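So you can see what is in the structure, the chains are spelled out below.
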Amino acid sequence: MTDESIIEKGGRVHARTADIVDDEAELARMGYKQELKRDLTLLQNFGVSFSIISVITGIPSLFLYGLNTGGPAVMVWGFVVVAFFTMLVGLSMGEVCSAHPTSGGPYFWAAMLSEPKNAAFASWVTGWFNLLGQVAVTAGISYGCANFISTVATFNTDFVPSPHTTIGIYAAVLVAQGLINTFGVHLLKYINNISIWWHAVGTTAVVIAVLAAAPSHQSAKFVFRTFIDNTGVDGVGWSERASPAYVVVIGILMAQYTLTGFDGSAHMTEETHNAAMAGSVGIIMAIGCSAVLGWFLILGLLFSIQDLDKTVTAPAGGQPVAQIFLDTVGEKGAIVLMVIVIGAMFFCGTFSLTSNSRMMYAFARDGGIPGHKFFHKVSKNSKSPIRTVWLACTLSFILALPSLGSSVAFSAVTSIATIGLYISYAIPIGLRVVYRKRFVRGPFHLGPLSYPIATTACVWIAFISIAFILPQANPVDTQTLNYTIVAVGIVLAYCMGFWLLSARKWFTGPIKQIQEEEAVVDGADAASSVVTSQTGHEKNP
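Residues numbered from 1 in each chain as written. Predicted model: local features only at pLDDT ≥ 70, side-chain atom pairs only at ≥ 80, totals over all residues. Heavy atoms only, no water.

### Some words on the overall build of the protein
Of the regular secondary structure elements, the protein holds 23 helices and four strands. Counting every position in the protein, which comprises 541 residues, the buried fraction comes to 57%. Sequence separation of at least 24 residues holds for 83% of the intrachain contacts in the protein that already meet a minimum separation of 6. Accessible surface computed for the protein: about 21,100 Å², of which carbon and sulfur atoms make up 66%. (Helix = DSSP H or I, 4+ residues; strand = E, 2+ residues; numbered from the N terminus. Buried < 20%, exposed > 50% of the residue type's maximum accessible area, 1.4 Å probe, protein only. Contact = heavy atoms within 4.5 Å. Areas by Shrake-Rupley, 256 points an atom, 1.4 Å probe, with all protein chains shown as cover.)

### Details of the environment of Thr231
Mapped onto the secondary structure, Thr231 falls in the loop between strand 4 (228-229) and helix 11 (238-241). As for Thr231 and Val247, which are separated by 16 residues in sequence, their C-alpha atoms are 8.1 Å apart. Residues contacting Thr231, with those up to four places away along its chain left out, are Asn68, Thr69, Gly237, Trp238, Gln472, Ala473 and Asn474. Side-chain polar atoms of Thr231 contact the side chain of Asp229, separated by 2.5 Å. (Polar contact = N/O pair within 3.5 Å; in protein donor to acceptor, adjacent residues only side chain to side chain.)

### Some words on a nonpolar patch on the surface
Nonpolar side chains collect at one region of the surface, where Val476, Leu481, Ile485, Val486 and Ile490 lie side by side and expose about 410 Å² of accessible area between them. Here Ile485 shows up in helix 22 (residues 484-506). On the basis of relative accessible area, Ile485 is assigned to the partly exposed category, the value being 44%. (Patch = residues over 30% accessible without salt bridge, like charges linked within 9 Å, V, L, I, M, F, W, Y side chains within 5 Å. Salt bridge = Lys/Arg side-chain N within 4 Å of Asp/Glu carboxyl O.)

### Comments concerning the confidence of the model for the protein
Per-residue confidence for the protein averages 83 on the pLDDT scale, and 87% of its residues sit at or above 70. When mean pLDDT is compared element by element in the protein, helix 10 (residues 220-225) scores highest at 96, while strand 2 (residues 12-16) scores lowest at 37. When the criterion is pLDDT under 50, residues 1-21 qualifies, and its contacts beyond four places in sequence or with other chains add up to 49 contacts. In the predicted structure, residues 519-541 sits below a pLDDT of 50 and forms one contact with residues beyond four places in sequence or in another chain. (pLDDT = per-residue confidence, 0-100.)

### Description of the pattern of salt bridges
Here the structure, examined in full by the defined rule, presents three salt bridges. The partner of Glu270 in a salt bridge is Arg365, with the nearest N and O atoms 3.1 Å apart. Here the residue Glu270 occupies a position in the loop between helix 14 (264-267) and helix 15 (275-303), and Arg365 occupies one in helix 17 (residues 320-365), the gap between them amounting to 95 residues. No difference in accessibility class separates Glu270 from Arg365, as the two residues are buried. Measuring nitrogen to oxygen at the nearest pair gives 3.8 Å for the salt bridge that ties Asp327 to Lys310. With Asp327 in helix 17 and Lys310 in helix 16 (residues 308-313), this residue pair connects regions lying 17 residues apart in the sequence.

### Points about the packing of helix 7 (residues 119-152) against helix 22
The geometry of a pair of packed helices is captured by two quantities: the angle between their axes and the separation between those axes. Packing of helix 7 against helix 22 brings their axes to within 10 Å, and their N-to-C directions diverge by 145°. Crossing hand, helix 7 versus helix 22: right-handed. Residues Ala120, Phe121, Trp124, Val125, Trp128, Phe129 and Leu132 of helix 7 form the contact with helix 22, whose participating residues are Val488, Val491, Leu492, Tyr494, Cys495, Met496, Phe498, Trp499, Ala503 and Trp506. In the contact of helix 7 with helix 22, the residues fall into 17 nonpolar, no polar and no charged. (Axes fitted to C-alpha atoms, helices over the stretch in contact; angles between N-to-C directions. Left-handed = near helix turned anticlockwise from the far one by under 90°. Nonpolar A, V, L, I, M, F, W, Y, C, P; charged D, E, K, R; others polar.)

### Here's the deal with the packing of aromatic side chains
Across all of its chains, the model carries 28 aromatic pairs by this definition. Note on Tyr170 and Phe397: the rings are 6.0 Å apart at their centroids and 15° apart in plane angle, and the pair reads as stacked. Residue Tyr170 is located in helix 8 (residues 163-183), and its partner Phe397 is located in helix 19 (residues 386-400); the two are separated by 227 residues in the primary sequence. For Phe397, a relative accessible area of 27% corresponds to the partly exposed category. (Phe/Tyr/Trp six-rings, centres within 6.5 Å; stacked < 30°, edge-to-face > 60°.)

### Considerations on the environment of Met75
Its place among the elements puts Met75 in helix 5 (residues 71-99). Residue Met75 is classed as buried on the basis of its relative accessible area of 3%. Sequence separation between Met75 and Phe227 is 152 residues; the distance between their C-alpha atoms is 9.5 Å. Once you skip the residues sitting within four places of it in the chain, Met75 turns out to touch Phe63, Gly66, Leu67, Met254, Ile298 and Leu302.

### Remarks on the packing of helix 5 against helix 15
Contact geometry of helix 5 with helix 15 gives a least axis separation of 8 Å together with a crossing angle of 175°. Taken together, the axes of helix 5 and helix 15 are roughly antiparallel relative to one another. Here the contact of helix 5 with helix 15 is built from residues that sort into 19 nonpolar, nine polar and no charged. (Parallel < 35°, antiparallel > 145°, perpendicular 65-115°, else oblique.)

### What to know about the nonpolar core
In this structure, Ile59, Phe63, Val89, Phe262, Leu302 and Phe325 are the most contacted members of the largest nonpolar core, which totals 135 residues. Apart from the residues within four sequence positions on either side, Phe262 is in contact with Ser49, Ile53, Thr86, Val89, Gly90, Met93, Ile283, Ile287, Tyr422 and Tyr425. With nine residues, the next largest nonpolar core counts Ile52, Leu188, Ile191 and Phe351 among its residues. (Core = buried A, V, L, I, M, F, W, Y, C linked by side-chain atoms within 4.5 Å.)

### Things to note about helix 22
Most pronounced at Trp499, the bend in helix 22 amounts to some 65°. Those residues of helix 22 that fall on the buried side of the exposure criterion are Thr484, Ala487, Val488, Val491, Cys495, Trp499 and Ala503. Of the surrounding elements, those touching the buried residues of helix 22 are helix 7 and helix 20 (409-434). (Bend = angle between axes of the 7 residues up to and from the residue.)

### A few points about unusual backbone geometry
Note the cis peptide between Asn474 and Pro475, where omega equals 0°. For Asn274, which is not glycine, the phi dihedral falls at a positive 50°. The residue Asn274 is located in the loop between helix 14 and helix 15 in this model. By relative accessible area, Asn274 is classed as partly exposed at 32%.

Dropping the structure here:
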């Protein structure tokens with residue numbers, strides 16, 4: 001859908017039609033200079049979000065959680081329900097992204113969509129939740145990669161993974177991804193193309209391989225109707241202590257975490273051609289393709305389970321997906337399939353770090369994070385925000401440290417990622433609903449469906465934000481505490497406390513880099529007009 005939009009800025013009215021594809025002019029309209037290298041196509045923009053969503057990362061990483069928290073029925077049908085509501089969120093985000101295609105993404109949108117007097121506060125809160133989610137999703141992806149590397153290292157060896165060895169592998173994975181984002185920036189678009197095919201072909205190959213090689217297959221009843229509650233550490237699960245519905249609610253985490261990170265397309269818009277359209281289409285394509293591929297993967301893995309108890313206890317390094325591989329294609333074949341999964345996870349983490357660093361760069365550019373003067377610098381050689389790349393690596397490593405002393409730390413990290421990102425999605429979508437008369441459409445919009453879709457998306461995000469801070473294992477103790485509420489609480493306390501004590505005095509929201517230059521130009525034009533007027537007056541008394 002397209003239309004013409006009139007945007008008022010500083011007392012001047014600017015017209016924009018769908019025919020305008022001058023991305024630098026569009027960026028200048030929003031007050032920013034073109035500092036990042038713009039050479040991504042629609043396919044590559046889609047590829048960033050598709051690679052970050054990475055169903056072959058999210059589903060295997062939380063497959064054990066899914067089996068224990070609801071079992072096959074919740075995994076299969078929960079994924080369908082979550083995919084539907086996630087698409088509504090994506091459609092609403094795509095509409096806003098089209099109107100404001102900038103690397104800041106949600107936090108910039110929040111400032112533009114709220115009342116001017118509240119713009120800075122809305123931007124501040126959204127930015128910090130988005131930063132939390134970005135860091136947590138990078139941590140979740142790369143820690144999952146480290147877990148799978150630890151698991152494949154146990155095949156036909158005496159190696160026994162421990163939390164300390166896994167955290168060491170995790171650090172190495174982050175460093176490798178950081179180095180690619182530092183020295184291989186010019187290669188990222190080519191790596192992106194490889195990643196798209198790796199995910200699409202690799203996921204399909206994994207499913208076909210396990211289904212074709214499986215000695216036997218589970219029944220349709222098992223896959224579509226079996227409910228399992230292994231949430232009780234002492235044998236008493238939440239379905240007994242509370243309700244089966246409670247298990248269903250917390251069980252959809254696997255699906256919702258998997259379908260997370262599609263704001264990557266928005267964060268890459270300053271590096272994408274025809275950004276006002278490509279960013280929105282990239283978001284929606286990534287969700288749609290991932291939803292179909294993800295359901296296909298879940299079904300393939302569930303039908304190929306040979307021994308449920310053995311798969312759940314997972315002698316193969318604690319990873320049920322690895323056990324499915326071993327039971328179906330044998331050890332050599334399992335190594336090949338594990339390499340496909342680990343490769344996808346590494347690509348996923350690499351592009352999550354890319355998106356993460358762009359968001360931090362944009363937030364630092366606007367003065368939103370401590371040390372912003374240092375972190376908003378762009379490398380002159382690579383035209384990339386190298387400093388925020390390593391800031392993202394450092395924060396992601398720190399967030400995973402609780403895994404050294406907690407048995408549920410990984411699922412907590414995934415909950416933090418999901419809540420942090422989706423709250424940062426909900427704020428601009430909610431503001432678009434509240435101030436819908438102020439909203440100025442971009443070339444992509446939803447027409448009369450915009451309001452009901454956005455409202456439904458906000459309600460869904462409110463629901464999952466409550467669901468994923470709930471206890472996941474029973475009984476709750478220091479080992480089983482879902483520390484999501486702690487991490488989210490710390491960020492909330494920090495951003496609110498710092499806002500009240502200091503930031504409200506100096507943080508003004510997105511800074512217009514070009515504003516002062518425009519003022520100078522306007523002043524010069526005004527002075528020129530005065531001189532011309534005076535000269536004309538002297539010549540024509």
